[in-house]
Amino acid sequence: MTKLSMHRSAPVLAGAYRIRVRGGLDPQWADCLGGMSISTDEQEEIGIVTTLFGQVPDQAALFGILNVLYDLHCSLLLVERVNESAET
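Now for a quick tour of the structure. Sequence order sets the numbering: in each chain, residues are counted from 1 along the sequence as written. Totals for whole chains, interfaces and linings use every residue, but because this is a predicted model, local features are given only for residues with pLDDT of at least 70 and side-chain atom pairs only at 80 or more, for both listing and counting. Water and hydrogen atoms were dropped before computing side-chain values, which therefore reflect all heavy atoms in the structure.

**Quick notes on the pattern of salt bridges**
Spelled out, the test is: A pairing counts as a salt bridge when a side-chain nitrogen of Lys or Arg comes within 4 Å of a carboxyl oxygen of Asp or Glu. Strands are runs of DSSP state E lasting at least two residues, helices are runs of H or I lasting at least four, and both sets are numbered from the N terminus onward.
Going through the model one piece at a time under the given rule, you end up with 1 salt bridge. Taking the shortest distance from any N to any O, the salt bridge between Glu-80 and Arg-18 comes out at 2.6 Å. Of the two residues, Glu-80 is situated in strand S4 (residues 75-82) and Arg-18 in strand S1 (residues 15-22); the sequence distance between them amounts to 62 residues.

**Remarks on the nonpolar core**
To be explicit about the condition: In this text, buried Ala, Val, Leu, Ile, Met, Phe, Trp, Tyr and Cys residues form a nonpolar core when linked through side-chain atoms within 4.5 Å. Type-normalised accessible area, obtained with a 1.4 Å probe on protein chains alone, sets the label of each residue: buried when under 20%, exposed when over 50%, and partly exposed for intermediate values. Whether two residues are in contact is decided by their heavy atoms: any pair within 4.5 Å suffices.
By size, the foremost hydrophobic cluster in this structure holds 16 residues, and its most contacted members are Ile-19, Leu-33, Met-36, Leu-52, Ile-65 and Leu-69. It is helix H1 (residues 59-71) that contributes the most residues to this core, 5 residues altogether. Ignoring anything within four residues of it in the chain, the contact list for Leu-69 reads Ile-19, Val-21, Leu-25, Leu-33, Cys-74 and Leu-76.

**A closer look at the environment of Met-36**
Tracing the chain through its elements places Met-36 in the loop between S1 and strand S2 (37-43). Remark: the alpha-carbon pair of Met-36 and Ala-16, spanning 20 residues in sequence, is separated by 9.7 Å. Setting aside anything within four residues of it in sequence, one finds Met-36 in contact with Tyr-17, Ile-19, Ala-30, Leu-52, Phe-53, Gly-54, Val-56 and Ile-65.

**Notes on the sheet that holds S4**
For clarity, the cut-off: Any two strands are treated as partners once DSSP identifies two or more bridges connecting them. Here an axis means a line fitted to C-alpha atoms, over the contact stretch when the element is a helix, while the angle between two N-to-C directions is reported on a 0 to 180 degree scale.
Pairing is antiparallel across the open sheet formed by 4 strands, whose spatial order is S2-S3-S1-S4. The sheet is open, and its two edges are formed by S2 and S4, each paired on a single side. The average undirected angle you get between the axes of adjacent strands in this sheet is 20 degrees. Pairing of S2 with strand S3 (residues 47-56), which is carried by 7 bridges, proceeds in the antiparallel orientation. In the sheet register, Ile-38 faces S3, and the bridge partner there is Leu-52. Taken strand by strand, H1 contacts S1, S3 and S4, and its axis lies near 15 degrees from that of S1.

**Quick look at H1**
Heads up, the rule is: Take the number of residues in a helix, subtract one, and multiply by 1.5 Å to get its expected span. Think of the arc as the fan of directions from the helix axis to the C-beta atoms. In protein, a polar contact requires one atom able to donate a hydrogen and another able to accept it; more generally it is a pair of N or O atoms within 3.5 Å, and residues adjacent in sequence count only if both atoms are side-chain atoms.
With 13 residues, H1 extends 18 Å from end C-alpha to end C-alpha; this agrees with the ideal 18 Å at 1.5 Å per step. Every buried residue of H1 is accounted for by Leu-62, Ile-65, Leu-66, Val-68 and Leu-69. End-on, the buried residues of H1 take up no more than an arc of 155 degrees, which puts them together on one face. Of the exposed residues in H1, those oriented more than 90 degrees away from the buried face are Ala-60, Tyr-70 and Asp-71. Those residues of H1 that are buried lie in contact with S1, S3 and S4. Looking at where H1 begins, the residue whose side-chain oxygen comes 3.3 Å from the main-chain nitrogen of Ala-60 is Asp-58. Of the residues one or two after H1, His-73 is the one with positive phi, at around 60 degrees.

Here it is as structure tokens:
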């Protein structure tokens, strides 16, 4: 019998994150989304895109933000850890 090996990725580190979702998201959701800044713009090929940017202290906080977006039926386009100076 062959044992399955699982590749474990490193835990999410604290840092600045940029998350993009399809559609508009009201800036009033910022408190529920860990205090991230929320901006919306229109992209030619995709339509309206909302960008969230801010500090995420740990993996649990990132999952919390992603769960709120899931509950709001937002389609994720991007989740990336960025340099703090790389705002939107």
